[in-house]
Amino acid sequence: MSSGIPKLLTIPRGLLLVVPWACGLILMDLILSLLLPISIFFPTLVYNTSSFVAHLCWNWIQLIFEVCNGGEIAMSGDALPEGETAIVISNHVSWTDFYMIQALALRAGMLGRCRWFAKVELSEQEMAYFFSESTRYTPRKYEETKTWCRQNDKPIPKHLLYPRTKGFVTTVQHLRMAKHVKAVYDMTIAYSHHNKFLEAPTVWESLSCGDLSGKRGYKFHVHAQRYLLADLPETDEELSNWLETRWIEKGEFLEAKREEWARACDENKHKN
C-alpha cells in the first residue's frame, strides 16, 4: 500500500474531514441567500460579507488538502501583489487544480474574491479565472491537439492542449478599460505521482487520504507569471498570438519540471 493508513480507514477519515465542511457550506449558502434581498440597498456591505463567507469556505477545504492531508504545494515565479484585481489564466489538468490556484490566491489575500468564470465586469479586488484549454488535459486529447496543430501549421505545446483564445481576447479587451484591473496572471500547474508526470490525485484522494506528498508520492507545483494589462498587445490578433506564445513557453516550463522530477526520482533510486 502507498500509505500507512489502511484503505478501509480512508472512508471514515474522509467523511470525518468532509462532512463538517459540507455542513458549513450549506450554512454559508443559506447566509448568502439571506443577504440577497438587502444587496439592493447595501451592495458594498453584502459584497464584502459574501467575500468573507467565501473565504471561510475555500480556506477550510484548502486546510483539509494542505494541512490535514499533507498536500505540499511548491510555488515559483513572480510575487503577486496583495489585493490586486487580475485576470488569471491556467492550464487544466485535474479537478484538483483549484487547490494550486487557491494556494496563491490565499497568500495574495484574494481567496474570498476569486471568480471562476468569465464575467463582463470585475469589481475592485477580484480575480477572474480562465482555463484557456476549456477542458482537462488527457493523453487522448493531447494527440488530438497535435493533429490539429499540424493541420493548422501551429507549434505544438508540450504537455498542454492548445488554448482557446476567443474568450481570453474578449475579456481582456473589455476589462482593460477598467482602471482597477491591473494585470494578467499566467499560472502553470504540474503534478507527479511516483514519477508519472501530470498524474493528479482523485477528488476523493485529495479529501480523504493523508500524507499525499509523503508516502503517497504526489508532487504539486504552481508557477506564476505576472503581466501588466497595460503592456499587452492592442489588437485581437496580437492578443491571440500573445496567449499562444504563453502556452508554448508554459509547455517548455512543464517539460523542464518533468525532467527535474525524473532526475530526482532516479537519484533517490540510486541512494536506496
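Residues numbered from 1 in each chain as written. Predicted model: local features only at pLDDT ≥ 70, side-chain atom pairs only at ≥ 80, totals over all residues. Heavy atoms only, no water.

**Focus on the pairing of strand 2 (residues 85-90)**
Across the six residues that make up strand 2, a large majority, six, are buried. Alternating residues of strand 2 divide into Thr 85, Ile 87 and Ile 89 and Ala 86, Val 88 and Ser 90, and every residue in both groups is buried. Of the strand pairs in this sheet, strand 2 and strand 5 (residues 181-193) are connected by six bridges, and their pairing is parallel. Bridge pairing links Ile 87 to Val 184 in strand 5. Pairing of strand 2 with strand 4 (residues 127-131) involves five bridges; the strand directions are parallel. When the sheet's bridge partners are listed, Ser 90 is paired in strand 4 with Phe 131. (Buried < 20%, exposed > 50% of the residue type's maximum accessible area, 1.4 Å probe, protein only. Helix = DSSP H or I, 4+ residues; strand = E, 2+ residues; numbered from the N terminus. Pairing = 2+ DSSP bridges.)

**Quick notes on the environment of Gly 112**
Inspection of the secondary structure assignment puts Gly 112 in the loop between helix 3 (97-107) and strand 3 (114-115). In this structure Gly 112 comes out as buried when scored by relative accessible area, which is 7%. A C-alpha to C-alpha distance of 9.5 Å links Gly 112 and Met 127, two positions 15 residues apart in sequence. With residues near it in sequence (within four places) discarded, Gly 112 still touches Ser 51, Ala 54 and His 55. (Contact = heavy atoms within 4.5 Å.)

**A word on unusual backbone geometry**
Although it is not a glycine, Asn 195 sits at a positive phi angle of roughly 70 degrees. Relative to the helices and strands, Asn 195 is located in the loop between strand 5 and strand 6 (196-197). Here Asp 211, not a glycine, exhibits a phi torsion of approximately 55 degrees, which is positive. Here Asp 211 shows up in the loop between helix 6 (203-208) and strand 7 (218-228).

**Looking at the packing of helix 1 (residues 7-35) against helix 2 (residues 43-68)**
Axis separation between helix 1 and helix 2 bottoms out at 10 Å; the angle between their running directions is 175 degrees. In terms of their interaxial angle, helix 1 and helix 2 are classed as roughly antiparallel. Here Arg 13, Leu 17, Pro 20, Trp 21, Gly 24, Leu 25, Met 28, Ile 31, Leu 32 and Leu 35 of helix 1 lie close against helix 2, whose contacting residues are Val 46, Thr 49, Ser 50, Val 53, Leu 56, Cys 57, Trp 58, Trp 60, Ile 61, Ile 64 and Cys 68. Per-class residue counts for the contact of helix 1 with helix 2 are 17 nonpolar, three polar and one charged. (Axes fitted to C-alpha atoms, helices over the stretch in contact; angles between N-to-C directions. Parallel < 35°, antiparallel > 145°, perpendicular 65-115°, else oblique. Nonpolar A, V, L, I, M, F, W, Y, C, P; charged D, E, K, R; others polar.)

**What to know about helix 5 (residues 166-175)**
Residue pairs spaced three or four apart in an α-helix point in one direction, given the helix's 3.6 residues per turn. Of all the residues in helix 5, the buried ones are Phe 168, Val 169, Thr 171, Val 172 and Leu 175. The buried residues of helix 5 all sit within an arc of 170 degrees when viewed along its axis, so they share a single face. Summarising the geometry of helix 5, the exposed residues directed more than 90 degrees from the buried face are Lys 166 and Thr 170. Those residues of helix 5 hidden inside the fold are in contact with strand 2, strand 4, strand 5 and helix 7 (236-271). (Arc of directions from axis to C-beta.)

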